[in-house]
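Survey of secondary and tertiary structure
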Amino acid sequence: MWDPQTYLAYADERTRPARDLLAAIDVEKPARVVDLGCGTGTSTRLLARRWPDADVLGTDSSPEMIAAAQAEPAEPGAAACRYEVADAYSWAPGEPVDVWFSNAMLQWLPGHLDRLPGWLRTVAPGGVLAFQVPGNFESPSHVLLREVTRSPAWRDRLAGIPERREAVESPARYADVLAAAGARPDVWETTYLHRLDGPDPVLRWTTGTALRPVLAVLGEDSEARAAFLAEYGAALRAAYPPNDAGTVTFPFRRIFVVARIPA
Ligand SMILES: C[S@@+](CC[C@H](N)C(=O)[O-])C[C@H]1O[C@@H](n2cnc3c(N)ncnc32)[C@H](O)[C@@H]1O
C-alpha cells in the first residue's frame, strides 16, 4: 500500500524532522542502532552517516519500502545498513539497542502510547528512544479530507477508513508515560512552514501520506479516484491559496520525543 516514489516527492521537507530529531540525540558511540518504520531508508541512512561504526538496522512492515531501501548503494564513510521486513508491534532486538529511532511511523500504530514502556525496555542503559510524529490532524488538510470522505457522495464507499483524529498523543502525555517508565524525556513541538510549488502541491503532498488509505480503497477505479481527487483538490486550493509567485505555504506541526535511559 505504500508507494516509495510518491513518498519520495518532497523528500527534503520530509527529511528535515528526521535530521532535527537526530541532532537532539547525544549518544556518542552506539553499538546498535535501529530505525523502526524506516521506509525507503532515508532516515536510516542519516543514522548510518552519523554513526559509521554502529550496526544500523532499518525495519518496516512494507516489503516494497524495504526493497527500495535495499536498492540504495552503500555510502562511503557511512555504516552499511541492514534492512528487515518486520512489524513494529512485534519486532524485538536480540540484544538491547543503544539508539531506538522512529521517524514519522508511530502515527500509523494505534495504541502506540501503551507500547512505549515495552520499547524502552529494549534500550540499553545510557541509550535513547527517539521518535517524531506529525501533530497536524486538526489542520485544514486533514479536516477537509475527513469532510470529503464522510460526505454523502463518498461515505458509504469509504466507510471503513478510520478517522485518525486520535492517531497521536499530546506531547505532555508522551513525556508523562516515558518518565513513569524510568526515562528522562525531552519533548518538544515544531511547526514547519513548508514552501510548496507546482500545481496542487498540498494534494500532491497528501497523496504520499494521509490520502493513501482512500486511494487504497478506491483501487483501480480510475473514475472514482479522479472524482475524489478533484473534489478534495478544490477544497485544498481554497484552504491553501498560492501567493503571487505560485508558492503555497503549508504549515506542518510535528511532535518530537527523545527519551534517555539513565546509564
Ligand atoms: C511516513 S513513512 C516514514 C519512513 C521513514 N522513517 C522516513 O523518515 O522517511 C512511514 C513508514 O512506516 C511504515 N509502517 C507503517 N506501519 C508500520 C508497522 N506496523 N510496522 C512497521 N512499519 C510500519 C510504513 O510502511 C512506512 O514506510
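Structural notes, computed from the coordinates.

Scoring rules and cut-offs
Residues numbered from 1 in each chain as written. Predicted model: local features only at pLDDT ≥ 70, side-chain atom pairs only at ≥ 80, totals over all residues. Heavy atoms only, no water. Helix = DSSP H or I, 4+ residues; strand = E, 2+ residues; numbered from the N terminus. Rg over C-alpha atoms; globule rule 2.2 N^0.38 Å. Buried < 20%, exposed > 50% of the residue type's maximum accessible area, 1.4 Å probe, protein only. Contact = heavy atoms within 4.5 Å. Areas by Shrake-Rupley, 256 points an atom, 1.4 Å probe, with all protein chains shown as cover. Lys, Arg positive; Asp, Glu negative; His and termini not counted. Charge placed at Lys NZ, Arg CZ, Asp CG, Glu CD. Arc of directions from axis to C-beta. Axes fitted to C-alpha atoms, helices over the stretch in contact; angles between N-to-C directions. Left-handed = near helix turned anticlockwise from the far one by under 90°. Nonpolar A, V, L, I, M, F, W, Y, C, P; charged D, E, K, R; others polar. Near = heavy atom within 4 Å. Polar contact = N/O pair within 3.5 Å; in protein donor to acceptor, adjacent residues only side chain to side chain.

1. Notes on the overall build of the protein
A count of helical and extended segments in the protein gives 10 helices and seven strands. The C-alpha atoms of the protein give 19 Å as radius of gyration, which agrees with the globular expectation for 263 residues (18 Å, within 12%). The 263 residues of the protein split such that 51% are buried. Considering only contacts in the protein between residues 6 or more positions apart, those separated by 24 or more positions represent 79%. Accessible surface computed for the protein: about 12,300 Å², of which carbon and sulfur atoms make up 53%. Averaged over its 27 positive side-chain charges, the protein has a centre that lies 2 Å from the centre of its 34 negative ones.

2. Side note on helix α4 (residues 63-70)
Within α4 the residues assigned to the buried category are Met65, Ile66 and Ala69. Down the axis of α4, the buried set is contained in an arc of 95°. They therefore lie on one face.

3. Focus on the packing of helix α2 (residues 11-23) against helix α3 (residues 42-50)
At a closest axis distance of 10 Å, the pairing of α2 and α3 adopts a crossing angle of 35°. When the axes of α2 and α3 are compared, the crossing they make is right-handed. Between α2 and α3, the residues in contact are Thr15, Ala18, Arg19 and Leu22 and Thr42, Ser43, Leu46, Leu47 and Arg50, respectively. Partitioning the contact of α2 with α3 into residue classes produces four nonpolar, three polar and two charged.

4. Remarks on the site of the ligand
Near the ligand lie 18 residues; those nearest to it are Gly37, Ser43, Asp60, Ala88 and Asn103. Aspartate 60 places a polar side-chain atom, nitrogen or oxygen, 2.6 Å from an oxygen atom of the ligand. Contact between the ligand and aspartate 87: a nitrogen atom at 3.4 Å from a side-chain N or O atom of the residue. Protein contact buries 94% of the 600 Å² of open area that the ligand shows by itself. Here the residues of the shell around the ligand sort into 10 nonpolar, six polar and two charged.

Limitation: the analysis is restricted to geometry and does not speak to function.
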